[in-house]
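# Coordinate analysis (summary)
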Amino acid sequence: ALAVAGTRCYLADGQNLYYTTDLSSWTAVTGTPAANITGLASDGYHIYAGFGASGIYSTTTGTGAAAQLVSSSCSGAVLGYTKGRLMVAVANAV
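Residues numbered from 1 in each chain as written. Predicted model: local features only at pLDDT ≥ 70, side-chain atom pairs only at ≥ 80, totals over all residues. Heavy atoms only, no water.

## What about the packing of aromatic side chains?
Per the counting criterion, the structure on display carries three aromatic pairs. Seen from their ring centres, Tyr10 and Tyr19 are 5.8 Å apart, and the 45° between their planes marks the pair as tilted. Side by side, Tyr10 and Tyr19 carry an identical accessibility label, which is buried. Over the ring of Tyr19 we find Arg8; its NZ or CZ atom is 3.8 Å from the centre of that ring. (Phe/Tyr/Trp six-rings, centres within 6.5 Å; stacked < 30°, edge-to-face > 60°. Buried < 20%, exposed > 50% of the residue type's maximum accessible area, 1.4 Å probe, protein only. Lys NZ or Arg CZ within 6 Å of the ring centre and 35° of its normal.)

In structure tokens, the structure reads:
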């Protein structure tokens, strides 16, 4: 999955989240758990990444580190950002 925030393009690759500003060199985002990324969304400044049972983590275009935003399980979650809100859908619940 790919998402854009500011001048950065973010890439979810298995358990790793990377960003680039030039599409040739990629930098790993630190502070994420050892779990597969299940969803990725952006509000243009923040990147939100779902890590299944490990919850949702966020980072910004001004840092290379992520912090936990939601600690509860989001296994199979679909993330989206619309109308100023982060939307999370798990199974049949939004």
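## Remarks on the environment of Leu69
By the element assignment, Leu69 lies in strand 8 (residues 67-70). C-alpha separation for the pair Leu69 and Tyr57, spaced 12 residues apart in sequence, amounts to 5.0 Å. (Helix = DSSP H or I, 4+ residues; strand = E, 2+ residues; numbered from the N terminus.)

## Some remarks on the side chain of Ser58
Relative to the helices and strands, Ser58 is located in strand 7 (residues 56-60). Ser58 gets classed as buried once you look at its relative accessible area, which sits at 17%.

## Describing the nonpolar core
Judged by nonpolar contacts, the single largest core of 15 residues is most densely connected at Tyr10, Leu17, Leu40 and Ile47. For this core, the secondary structure elements donating two or more residues are strand 1 (2-5), strand 2 (8-13), strand 3 (16-20) and strand 6 (46-50). By size, the runner-up hydrophobic cluster in this structure holds six residues, among which are Ile56, Cys74, Ala77 and Leu79. (Core = buried A, V, L, I, M, F, W, Y, C linked by side-chain atoms within 4.5 Å.)

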